[in-house]
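# Remarks on the overall topology
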Amino acid sequence: MLATTGWTAVHRPDSGAPLRAAALAAWAGARIDGRPVPPADAPARTVARFFGSLDGAQRARLADGYPLVVGNLDGVPAATRYRANLRGLQQAGKVEEARGLDVSLTPADRANATRRAHRFASLAEPGRQILAFDPTGGGLVAEVFGDLDRARRVSVIVPGVDTDLITFERTQRRFTAPVGMAESLYEAERAAAPDSETAVIAWAGYTAPTGVGMDAATGHMAVDGAVRLKALATSLPGNSTVALFCHSYGSVVCGVAAHELPRRVTDVVVAGSPGMRAENVAGLHTSARVWATRDEGDWIADVPHLEVGGLGHGADPVSPEFGARLLSSATAKSHTGYFAPGTDSVDNFAKIGTGAFGSVVCATGDDTCRAGFAGADRD
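Note that this is a predicted model, so its numbers are computed, not measured.

Summing up its helical and strand segments, the chain has eleven helices and ten strands in all. Taking 2.2 N^0.38 as the reference for a compact globule, 379 residues should give roughly 21 Å; the C-alpha atoms of the chain span a radius of gyration of 21 Å, in line with that estimate. Among the 379 residues that make up the chain, the fraction classed as buried is 52%. A sequence separation of at least 24 residues applies to 66% of the contacts in the chain between residues at least 6 apart. When the accessible surface of the chain is split by element, carbon and sulfur atoms take 54% of a total near 16,600 Å².

Now the structure itself:
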């Protein structure tokens with residue numbers, strides 16, 4: 001299957017690339033009241049200092065004038081990014097609407113443009129908090145649930161294959177898409193700790209493999225994803241702690257990133273993992289606690305857990321030898337069911353996300369995964 005699936009792709013014109021390129025070119029010469037803006041690749045701390053020196057009106061002008069840059073700059077205040085990405089979505093949506101009516105394009109390209117326009121309109125609906133939006137290629141996007149500025153704990157959903165702007169949310173099979181996963185986890189966290197200040201991020205901020213093909217069997221896409229994940233975790237506002245919930249190929253991204261994650265990342269949770277490109281927890285070189293779970297009916301168990309010549313992702317994270325804390329997912333169903341409301345898995349994720357470590361349910365039926373917590377919550 002790995003050798004025959006996902007090899008072919010039909011080239012289609014990328015309407016997002018010109019928008020992003022034009023935005024970056026304009027930003028390179030931008031000024032606000034005579035002051036030059038920081039480069040688009042400036043460190044988050046540099047960006048944060050610059051935007052911290054601006055008043056609200058100046059931030060709004062930059063967000064409205066350069067949405068596809070400001071909305072993706074780590075270090076920009078969350079509210080300013082939300083504003084910028086609303087403008088960016090509206091701008092990109094108009095382009096896709098026009099492409100959907102362009103008879104010089106193929107029917108497939110017009111249909112794809114129409115789907116993208118509908119998705120952008122959905123993401124731009126009132127009340128949504130879009131932390132990142134880049135329409136280039138399959139697209140990158142992230143959405144926040146909760147108050148990111150006030151949160152003491154932030155949970156980040158890191159999804160797997162076939163994740164892009166179109167599949168970021170679904171009406172059918174809602175909880176198999178990043179938005180549904182994050183909504184379910186956020187509601188579970190609020191139920192578990194109503195007074196706790198938490199936020200959840202649905203993060204489709206890296207280019208994921210398409211299908212279970214060669215890209216999914218190697219780590220090269222995870223390397224780029226790891227860089228982006230580290231940047232996200234480092235630049236989140238305030239002093240919140242961070243828990244990563246990494247599904248399927250997302251666990252490869254988390255594994256590659258582990259040794260460079262900031263210390264504020266206290267927990268890395270993998271579900272339905274093909275491996276983390278390490279032989280054991282020690283090989284991840286992280287100070288974070290590592291948790292793992294897999295439903296009995298998950299087909300990922302049949303994927304060889306090895307790495308040979310760059311193919312495969314190493315040891316099985318739920319094997320005793322790997323050394324992860326094993327969580328129960330007894331009521332989850334199949335590879336995509338870990339975040340469904342009411343499952344043991346999402347309840348466990350919520351307890352980790354809110355710091356109720358002493359009450360998680362272990363896969364082994366004893367208290368092995370709670371070792372060190374003595375039944376008590378811990379910050």
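Next comes the rest of the account.
Within the secondary structure, Val253 sits in helix α10 (residues 249-257). The class of Val253 is buried, set by a relative accessible area of 0%. Separated by 93 residues in sequence, Val253 and Gly160 place their C-alpha atoms 8.8 Å apart. The residues contacting Val253, other than those within four sequence positions of it, are Val158, Tyr206, Ala222, Gly225, Ala226 and Leu229.

Turning our attention to the side chain of Thr343. Counting through the fold element by element, Thr343 comes out in the loop between β10 (325-326) and α11 (344-354). Assessed through its relative accessible area of 6%, Thr343 is described here as buried.

A few words now on helix α2 (residues 44-52). Within α2, burial applies to Val47, Phe50 and Phe51. When α2 is viewed along its axis, its buried side chains cluster within an angular range of 90° and face the same direction. With respect to the buried face of α2, the exposed residues turned more than 90 degrees away are Arg45, Arg49 and Gly52. Elements in contact with the buried residues of α2: α1 (16-28), β1 (31-32), β2 (35-36), α3 (56-65), α4 (67-70) and α5 (78-100).

We now examine the sheet that holds β10. Here eight strands make up an open sheet; going across it, the order is β3-β4-β6-β5-β7-β8-β9-β10 and the pairing mixed. Here the strands that pair on one side only, and so sit at the sheet edges, are β3 (129-134) and β10. Two elements, strand β9 (residues 289-293) and β10, share two bridges in a ladder whose sense is parallel. Note on β10: the bridge partner recorded for Ala292 is Leu326. Docked against the sheet, α5 engages β3 and β4 (140-146), running at close to 50° with respect to β3.

Our focus in this paragraph is the confidence of the model for the chain. Across the chain, pLDDT averages 92, with 94% of residues at or above 70. Predicted confidence is poor over residues 375-379, with pLDDT under 50, and the contacts of this stretch with residues over four places away or in other chains come to 13 contacts.

Extensive coverage of strand β7 (residues 241-247) is indicated by the burial of six of its seven residues. In this sheet, β7 lies alongside strand β5 (residues 153-158) in parallel orientation, the contact comprising six bridges. From the neighbouring strand, Val154 faces β7, where its bridge partner is Val242. When β7 meets strand β8 (residues 265-271), the two strands line up parallel, connected through six bridges. Directly across from Ala243, in β8, lies its bridge partner Asp267.

What follows concerns the packing of aromatic side chains. Overall, the coordinates contain nine aromatic pairs when judged by the stated rule. Taking the centre distance of 5.6 Å and the plane angle of 80° together, the rings of Phe50 and Phe51 count as edge-to-face. Ring geometry for Phe120 and Phe133: centres 5.2 Å apart, planes at 80°, overall edge-to-face. One end of the pair, Phe120, is in helix α6 (residues 107-123); the other, Phe133, is in strand β3, with 13 residues separating them in the sequence. Just as Phe120 is buried, Phe133 falls in that class too. An aromatic cluster is present here, built from Phe245, Phe339 and Phe349 joined pairwise through their rings. The positively charged end of Arg289 is found above the aromatic ring belonging to Phe357, 4.3 Å away from the centroid. The aromatic ring of Trp291 is capped on one face by Arg325, whose charged end is 5.5 Å from the ring centroid.

Assignment of secondary structure puts Asp267 in strand β8. A residue is classified by how much of its surface remains accessible, and Asp267, at 1% relative accessible area, is buried. Polar contacts involving the side chain of Asp267 include one to the side chain of Thr266, which spans 2.8 Å. Only 2.8 Å separates the side chain of Asp267 from the side chain of Arg289, close enough to count as a polar contact. If we skip the residues at most four places from it in the chain, Asp267 touches Val242, Ala243, Leu244, Ala288, Arg289, Trp291, Ile352 and Phe357.

Quick notes on the rules
Residues numbered from 1 in each chain as written. Predicted model: local features only at pLDDT ≥ 70, side-chain atom pairs only at ≥ 80, totals over all residues. Heavy atoms only, no water. Helix = DSSP H or I, 4+ residues; strand = E, 2+ residues; numbered from the N terminus. Rg over C-alpha atoms; globule rule 2.2 N^0.38 Å. Buried < 20%, exposed > 50% of the residue type's maximum accessible area, 1.4 Å probe, protein only. Contact = heavy atoms within 4.5 Å. Areas by Shrake-Rupley, 256 points an atom, 1.4 Å probe, with all protein chains shown as cover. Arc of directions from axis to C-beta. Pairing = 2+ DSSP bridges. Axes fitted to C-alpha atoms, helices over the stretch in contact; angles between N-to-C directions. pLDDT = per-residue confidence, 0-100. Phe/Tyr/Trp six-rings, centres within 6.5 Å; stacked < 30°, edge-to-face > 60°. Lys NZ or Arg CZ within 6 Å of the ring centre and 35° of its normal. Polar contact = N/O pair within 3.5 Å; in protein donor to acceptor, adjacent residues only side chain to side chain.

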